[in-house]
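An overview of the molecular structure
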Amino acid sequence: MPFLGKDWRSPGQSWVKTEDGWKKTTSDNNMDISAERQAYAKDNLLLSLGYDMAAKKRKKDLMNNNSKVPYFHMEKWIYVHKGSTKERHGYCTLGEAFNRLDFCSAIKDTRRFNYIVRLLELIAKSKLPSLSGVAQKNYMNILERVVQKVLLDQQNVRPIKELLQTLYRSLCGLVQDMGKSVLVGNISTWVHRMDSITQWHQQLDNIQINRPTTEGLNLSDLPTSVQLNIMQRLSDGRDLVSLGQVTPDLGVLSEDRLLWKGLCQHHFTDRQIRKRLIVTEKGQLEWQKMYFKLIRCYPRLEEYCETLHFCTHCHILFWKDTKHPCTANNPEGCTSSLSPQDFIDLFNF
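These remarks concern the structure in this document. What you are looking at is a predicted structure, and each value in this text was computed from that prediction instead of being measured.

**Here's the deal with the layout of surface pockets**
Of the voids in this model, the largest pocket is the one considered here, and its volume is about 1,400 Å³. In terms of lining residues, the largest pocket is bounded by 37 residues, among which N114, P159, D236, R238 and R300 are the most central. At eight residues, the largest contribution of residues to the lining of the largest pocket is made by helix α4 (residues 110–127). When its residues are assigned to classes, the lining of the largest pocket shows twelve nonpolar, nine polar and 16 charged. In this structure, the second largest pocket spans a volume of roughly 940 Å³. Considering every element that reaches the lining of the second largest pocket, the biggest residue donor is helix α9 (residues 237–244), with three residues. Along the lines of polarity and charge, the residues of the lining of the second largest pocket split into nine nonpolar, eight polar and four charged.

Written as C-alpha cells, this is what we have:
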C-alpha cells in the first residue's frame, strides 16, 4: 500500500548508519558528513588523475622513438613451427621473431651486418604493417643503431641510404592509409619517425671519410696485377666505378673487360646474359653496360658471411655460430641456411 501521508522525516534531517544503529542527523551534521564525502571524492579524483597521467606518460614513452625503454629479448634461438596456429605450441609471427632474436649484437658483427640490412629492406617494402606495435618500435630502434654504426665506422654508406629511401617511400604510402589501421600508433608518431629518417639521410650525405694519418703504401703504389686482384674482390659494380674515380690509373684499370665479365657471370645466369647482350661495332661485348642493364632487370646474387639457420627436425631458428641443442642423429643434415627472403617466407603461414 503506498504511503499517502506527510513524509515522516522532518525537514533538514536524514538517517545515517552508525555503530549503534541508524540515527537521525541534523542539517549541520549532514553538512559535515557531506564535506567529508566531498574531500574523500576529491582525493580519489586526484589519485585517479595521477594514474591516468602516469599511464599516458608510459604510453607516450612507448611510442616515442627516442625513449630508452628496451624491448630486445636477445634470445639465441626460437622455436618456430610452420604448421602451428595461435591455439597450438610453436606459433610465432614475424614480429615476435623480430623482437626475440638477437638482432642488436648482430649489427655489431661484420659478418651479419649486410644480412640485417637486407632484412630491414625487405620488411620496409611490404611487411612493416604486419608487425606489432612493439615490433615496429624495435624496427626503428634497430635501424637507428645501424645508422649510428655507419656514421661511426664510415662504411656501408650507400646501402643504408638506399634502405632509408625505401623505408621513406613505403611510409609515405602507409601514413596516407592510417585510417585503415595499417600502422600501429598515432599518425604524429610516424610523421616524427619520417622526420628522423630524413635527418639520418642528411647525416649520411654530409659524412666525410677521414684520410688515414699513417704514411705508407696505398693502393696506387701496388703492382698492377695486385690492384686488379683487389678489384676482382669487389662484388658491386658501383664500388668498382667509385674506385676508378680515385686516380686516372685506377680509372683505366676499372674499365677492364675481364672485371666486368666476371661480375656479370657471378651475379647472373648465362640465360639472363644472353637476353641482354650489348655488342659494339667491332663485335665485342660491352660487359660494363651489360652489367648495369642486368641489375635493372634481374636481382643480383646475394652472398652473406653468416645467415640465420633453420632446423627442420627441432623447428628452431638460430644463428649459425650460436648453434642449438639438436636431438637429431645428423644435426647438419636437417639444418638449412635462410636468405633474408627465406626468413620472411618462413612466417607466411
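**Here's the deal with the packing of aromatic side chains**
This model, assessed by the stated rule, comprises eleven aromatic pairs. The interplanar angle of 80° and the centroid separation of 6.3 Å between the aromatic rings of F103 and W319 together place this pair among those described as edge-to-face. With a gap of 216 residues between them, F103 in the loop between α2 (94–100) and α3 (104–108) and W319 in strand β5 (residues 316–319) connect regions that are remote in the sequence. By relative accessible area, which is 1% here, F103 ends up buried. Geometrically, the ring pair formed by Y291 and F292 is edge-to-face, given 5.2 Å between the ring centres and 80° between the ring planes. By relative accessible area, Y291 is classed as buried at 0%. For F292, a relative accessible area of 22% puts it in the partly exposed group.

**Topic: the pattern of salt bridges**
A pair can form between side chains of opposite charge whenever their charged atoms are brought close. Taken as a whole and assessed by the stated rule, the structure comprises 14 salt bridges. Taking the shortest distance from any N to any O, the salt bridge between R118 and E121 comes out at 3.3 Å. One end of the pair, R118, and the other, E121, are both in helix α4, three residues apart, so they sit about a helical turn from each other. Residue classification places R118 among the partly exposed residues on the basis of a relative accessible area of 22%. The partner of R118 in a salt bridge is E302, with the nearest N and O atoms 3.0 Å apart. With a gap of 184 residues between them, R118 in helix α4 and E302 in the loop between α13 (287–297) and β4 (308–311) connect regions that are remote in the sequence. E302 gets classed as partly exposed once you look at its relative accessible area, which sits at 36%. Connected through shared salt-bridge partners, R158, E162, D236, R238, D239 and R300 make up one network.

**Quick notes on the environment of H313**
Within the element layout of this structure, H313 appears in the loop between β4 and β5. Looking at H313, the relative accessible area reads 43%, which means it is partly exposed. Distance from H313 to C334, taken between C-alpha atoms, is 6.1 Å for residues 21 residues apart in sequence. In contact with H313, not counting residues within four places along its chain, are C326, T327, A328 and C334.

What counts as what
- Residues numbered from 1 in each chain as written.
- Predicted model: local features only at pLDDT ≥ 70, side-chain atom pairs only at ≥ 80, totals over all residues.
- Heavy atoms only, no water.
- 1 Å grid on protein atoms, 1.4 Å probe; cavity = no way out; pocket = protein on both sides within 12 Å on 5 of 7 lines; lining within 4 Å.
- Points joined across faces, edges and corners; volume = space filled by probe spheres on them.
- Helix = DSSP H or I, 4+ residues; strand = E, 2+ residues; numbered from the N terminus.
- Nonpolar A, V, L, I, M, F, W, Y, C, P; charged D, E, K, R; others polar.
- Phe/Tyr/Trp six-rings, centres within 6.5 Å; stacked < 30°, edge-to-face > 60°.
- Buried < 20%, exposed > 50% of the residue type's maximum accessible area, 1.4 Å probe, protein only.
- Salt bridge = Lys/Arg side-chain N within 4 Å of Asp/Glu carboxyl O.
- Contact = heavy atoms within 4.5 Å.

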